[in-house]
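Report on the structure
Chain by chain, the residues:
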Amino acid sequence: MKELRILYLYPDILDLYGDIGNIKVITYRLEKRGFKAVVDTYSINDDKPDFESYDLIFAGGGADNEQQILSQDLIKYKEDIKKAVDKGVFFLLICGAYQLFGKYYKGVDGEIIPGLEIFDYYTEANPDRSKRCIGNIIIETNLDGEKVKVIGFENHCGQTYDIKSTFGQVLFGNGNKFNDSSEGYMTDNVIATYLHGPLLSKNPELTDFIIKKCLKRKYNEDVELEKLDDNFENLCRNQLFERFLENK
Amino acid sequence: MKNFFVILFIKGVSFFLKIFGKNGGNLPGKLAFKLNPNILKCFKIDCPVIAVTGTNGKTMTNNCIVRILEDDNKRVISNLEGNNMETGIVSTLIKKCSLTGKIKADYLVLETDESYVPIVYKDLKLDCLVVLNFFRDQLDRSGEVESLILKINEFLKTYDKNLILNSDDPNVSRLAMANPENKNIYYYSVDRYKFATDELREAGEGKFCPFCNTRLKYKYYQYAHVGKFICDKCNYGGNEIYNLLENVDLENRSFEIDGTTYTTKFNSIYSTYNFAAATTVCKLYNTDLISMKNTLENFVLNNGRLEKMVINNNDTIINIAKNPTGANVSLRLVNEDNEHKEILFVLNDNIADGKDVSWIWDINFDVLNNVDRIITSGTRAFDLAIRIKTSNYPVEKIEAYTDIYEAIEHLYEKNTKKYVITNYTATQDTRHKLMRFKEKCGDK
Ligand SMILES: [Zn+2]
């Protein structure tokens, strides 16, 4: 039986906004097709994980004060994580995790939370604490040459700069900064984004794209994914596209 | 404008709203603030002011305290309708005060929204603050939980009156340290109950010690992150308990305090904590215990929270759930009931609900005991259907209708017990449509 090994970083700390749902959706879509999902977790005080041995590494967003605690912990593994990225392990990083993988996060009072410096972008908090990029968001991304709309919910005060290659173009919502045209960061094996929702819950095409990528790398073959019943997902997408794109 | 005229004018406005059949809600308070921003300072209050705050259970705890005090022959003024923000509180005070702004009562008991505690009680002299719990609630509206706690902590630094704290919520009991000089701190706690777990079962806050950032150790979890915790490093959590509820028996709806057994009409651990808070207040203010026992036995709520109806010959239980903790408590009730049943879950994403519905992924749908069908509805019916499906509940047993009335019609196609769970703005709408459907069915 084919399987994917997933490492879920800090599930008990980076657990805001239902990001755990992404793991649930991936597991669900793997198991429905007879694949196995092995989900390991790592958090503070646990033994060091073997990052390179995983097919997919996931981390979500957390509360500001807890994010600081874990930044100190995560930085211990900087070199190991960098190696895993270079080797092609797929990384899915949401919100706080997105920021932590960049150069740094500069808080409202100018304090710097160092990032892993794996990617070149950096984030600065919006000086006005009460102003956050909040709301439903729809972007258009390119998955292996196919244009796909991705829908989620953003909630961040950080403004992220210096993005080399974006995850998608904003059709509705803010993106990396207030009123930005681009959202997130994407390379061949990385998707880093502000989209909660949880991200994968309403975007089955994106989920399958990630699953396919991981399977291909692991088994060195194009794995055909059986079609699933996405009736609720499609109804949901159509309803929200109509609501946010057509009545804009 | 002079205080006298403001009060007179607003009283007039409230009166007209009443004539036209409108409840008024926050409107009189809003007007009063426009006319005099310092209106809160203008009331003459001689009696103790008791405020109840926290994420979940404010209305129930508040109303329970009021009932106990009233049954003990005290005159109480309170915002029983749950208008718990600044303007709602002013509306209540204006309605109940004399023309000179005098409040004639033995107690003023005010349910107060968490973010408004520092604002309202800067001007209104508080005698007792009751803090229930802090959970994730509409994060996109009020900022994150932590910043809310810090605001209240800041307010408490100069507060030296009675402070009643839930000892079992690490987010709450930390407030005791805000003012180390304050000797009037009273903790309440609920002893381990039958369904408590050794591991965290539902989403929770506060995994780290707020004083030394060490991971907190739990002896057990009652629900969410509420339970017996301790910090190994600095001993945070080892509180002396003023009011302890023991021998909690949900089947018989009873618990013990100081050797006396109290029976209620509620059967959830979550309501038990509300009773723990309410009884702490009454213990502190020396309420008659026999009268309190009697009050607790009869106390009910009738605003959509755990309401029971019979519709089309089917027992129907309605419950409000505006965040993961509330929803998990509702589902615990579903699962503790062995009868076959169907669930209607209504989820809206209006501004008052918080536009972000991702919290439904923190609801535990993994275990559903004898649930034959789940119907989802509201503006986010499909999000909910996807969430439930992903928990591996059979997709063919899930139906989604954005229209609430249509969902209700489908719900009563089959004769079984029904559980209706609704989030904030969905509650009244669903209730009205249930009543309309009930009338159409010819039920009396
Ligand atoms: Zn500590």
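1. Focus on the overall build of chain B
Scanning chain B from terminus to terminus reveals 14 helices and 19 strands. The globule rule puts the C-alpha radius of gyration for 444 residues at 22 Å, and the 22 Å found for chain B is close to it. By its C-alpha atoms, chain B is 65 × 60 × 45 Å across when sized along the principal axes. Burial statistics for chain B: of 444 residues in total, 60% are counted as buried. Considering only residue pairs separated by 6 or more positions, chain B has 71% of its internal contacts joining residues 24 or more positions apart. Of the roughly 18100 Å² that chain B leaves accessible, carbon and sulfur atoms contribute 50%. Here chain B holds 58 positive side-chain charges and 57 negative ones, and the gap between their average locations is 5 Å.

2. Some words on the sheet that holds strand β7 (residues 162-166) of chain B
Two strands in a sheet stick together by hydrogen bonds in their backbones, pointing the same way (parallel) or opposite ways (antiparallel). Residues and elements named next belong to chain B. With mixed pairing, the nine strands of this open sheet are ordered in space as β3-β5-β2-β6-β7-β8-β11-β12-β13. Edge positions in the sheet fall to β3 (76-78) and β13 (260-263), since each of these pairs with one other strand and no more. Pairwise comparison of adjacent strand axes, ignoring direction, gives a mean angle of 20 degrees for this sheet. Bridge analysis of β3 against strand β5 (residues 107-111) gives three bridges, and the strand direction is parallel. In the sheet register, V76 faces β5, and the bridge partner there is Y107. Against the sheet, helix α4 (residues 86-96) touches β3 and β5, its axis set at about 140 degrees to β3. Docked against the sheet, helix α10 (residues 289-298) engages β12 (254-257) and β13, running at close to 30 degrees with respect to β13.

3. Overview of the coordination of the zinc ion
Residues and elements named next belong to chain B. Here the zinc ion is held by C209 (SG), C212 (SG), C231 (SG) and C234 (SG), and the distances to it run 2.3 Å. Each of the four donor atoms bound to the zinc ion contributes to angles spanning 99 to 121 degrees, and the resulting shape is tetrahedral. One chain supplies every donor for the zinc ion, spaced along it as C-x2-C-x18-C-x2-C. Note on C231: relative accessible area 1%, which makes it buried.

4. Section: the pattern of salt bridges
Tallied over the entire structure, the rule returns 40 salt bridges over all chains. A salt bridge links K157(B) to E154(B); the nearest nitrogen and oxygen atoms lie 3.2 Å apart. The class of K157(B) is partly exposed, set by a relative accessible area of 41%. Taking the relative accessible area as the measure of exposure, E154(B) reaches 49% and is therefore partly exposed. Across the salt bridge formed by E339(B) and K417(B), the nearest N and O atoms sit 3.5 Å from each other. Remark: K417(B) occurs in strand β19 (residues 417-422) and E339(B) occurs in the loop between α11 (324-336) and β16 (341-346); sequence separation between them is 78 residues. We classify K417(B) as buried; its relative accessible area is 14%. Within the structure, one salt-bridge network assembled from shared partners comprises K202(A), R243(A), D349(B), R380(B) and D383(B).

5. Some thoughts on the sheet that holds strand β4 (residues 90-94) of chain A
Residue and element names in this part refer to chain A. Spatially, six strands are ordered β2-β1-β3-β4-β14-β13 in an open sheet, and the strand pairing comes out mixed. Each of the sheet's edge strands pairs with one partner strand only, and the pair in question is β2 (36-42) and β13 (185-187). In this sheet, neighbouring strand axes are inclined to one another by 15 degrees on average, regardless of whether the strands run parallel or antiparallel. One ladder, built from three bridges, connects strand β1 (residues 3-9) with strand β3 (residues 56-59); its direction is parallel. Residue pairing for β3: I6 is matched across the bridge by L56.

6. Looking at the side chain of S71(A)
Relative to the elements of secondary structure, S71(A) occurs in helix α2 (residues 64-74). Among residues more than four places away in sequence, those in contact with S71(A) are L100(A), I113(A) and P114(A).

7. So, the confidence of the model for chain B
Confidence in the prediction of chain B, expressed as mean pLDDT, is 88, and 91% of residues score 70 or more. This complex was scored by the predictor with a pTM of 0.73 and an ipTM of 0.96.

8. Some thoughts on the state of the cysteines
Residue and element names in this part refer to chain B. As enumerated under the stated definition, the model contains zero disulfides over all chains in all. Looking at C97, it has no disulfide partner, and the nearest cysteine sulfur is the one in C42, 9.9 Å off. With a relative accessible area of 5%, C97 lands in the buried category. C128 takes part in no disulfide bond, and the closest cysteine sulfur, belonging to C282, lies 10 Å away.

9. Here we look at the nonpolar core
Counting 105 residues, the largest nonpolar core has I81(A), F91(A), F101(A), L206(A) and I210(A) as the members making the most contacts within it. Every residue in contact with I210(A), bar those within four places of it in the chain, is listed here: L56(A), F90(A), L92(A), I191(A) and L200(A).

10. Here we look at the pairing of strand β17 (residues 371-377) of chain B
All names here are of chain B. Of all seven residues making up β17, six are buried, and the element is well covered by its neighbours. In this sheet, β17 lies alongside β16 in parallel orientation, the contact comprising six bridges. Pairing of E342 across the sheet is with R373, part of β17. Crossover β17 to strand β18 (residues 398-401) through helix α12 (residues 381-390) is right-handed.

11. Observations concerning the domain arrangement of chain B
All names here are of chain B. Per the domain assignment, the segments of chain B are domain 1 (2-298) and domain 2 (307-440). Each of domain 1 and domain 2 has a C-alpha centre, and the two are 28 Å apart. Both sides together, the interface formed by domain 1 and domain 2 hides about 1600 Å², and carbon and sulfur atoms give 46% of it. For the interface between domain 1 and domain 2, the tally reads zero salt bridges. Linking domain 1 with domain 2 are two residue pairs in polar contact (both at pLDDT 80 or more).

12. Re the interface of chain B and chain A
Of the residues lining the interface, 32 residues belong to chain B; the matching set on chain A comes to 40 residues. Remark: the boundary between chain B and chain A carries four salt bridges. The salt bridge partner of D349(B) is R243(A), with a shortest N-O separation of 2.9 Å. Taken together, the connections running from chain B to chain A amount to nine residue pairs in polar contact (both at pLDDT 80 or more). Those elements that provide at least two residues to the side of chain B that touches chain A are α6 (139-142), α12 and β18 of chain B.

13. Let's talk about the packing of aromatic side chains
Residue and element names in this part refer to chain A. All told, the structure shown has 33 aromatic pairs over all chains when counted by the stated rule. A network of ring pairs unites the aromatic residues F91, Y98, F101, F119, Y121, Y185 and Y194 as a single cluster. For R5, the ring lying beneath its charged end belongs to Y54, and the centroid distance is 4.5 Å. Across from the ring centre of F241, 5.6 Å away, lies the NZ or CZ of K149, which sits over that ring.

What counts, and where the lines are drawn
- Residues numbered from 1 in each chain as written.
- Chains lettered and ligands numbered in written order.
- Predicted model: local features only at pLDDT ≥ 70, side-chain atom pairs only at ≥ 80, totals over all residues.
- Heavy atoms only, no water.
- Helix = DSSP H or I, 4+ residues; strand = E, 2+ residues; numbered from the N terminus.
- Rg over C-alpha atoms; globule rule 2.2 N^0.38 Å.
- Buried < 20%, exposed > 50% of the residue type's maximum accessible area, 1.4 Å probe, protein only.
- Contact = heavy atoms within 4.5 Å.
- Areas by Shrake-Rupley, 256 points an atom, 1.4 Å probe, with all protein chains shown as cover.
- Lys, Arg positive; Asp, Glu negative; His and termini not counted.
- Charge placed at Lys NZ, Arg CZ, Asp CG, Glu CD.
- Pairing = 2+ DSSP bridges.
- Axes fitted to C-alpha atoms, helices over the stretch in contact; angles between N-to-C directions.
- Donors = N, O, S within 2.8 Å, 3.2 Å for Na, K, Ca; no water.
- Tetrahedral: all angles 85-135°; square planar, octahedral: opposite > 155°, others 65-115°.
- Salt bridge = Lys/Arg side-chain N within 4 Å of Asp/Glu carboxyl O.
- pLDDT = per-residue confidence, 0-100.
- Disulfide = S-S within 2.5 Å.
- Core = buried A, V, L, I, M, F, W, Y, C linked by side-chain atoms within 4.5 Å.
- Right-handed = clockwise from strand over helix to strand, strands pointing away.
- Domains from an automatic or database assignment.
- Buried area = accessible area lost by both parts, 1.4 Å probe.
- Polar contact = N/O pair within 3.5 Å; in protein donor to acceptor, adjacent residues only side chain to side chain.
- Phe/Tyr/Trp six-rings, centres within 6.5 Å; stacked < 30°, edge-to-face > 60°.
- Lys NZ or Arg CZ within 6 Å of the ring centre and 35° of its normal.

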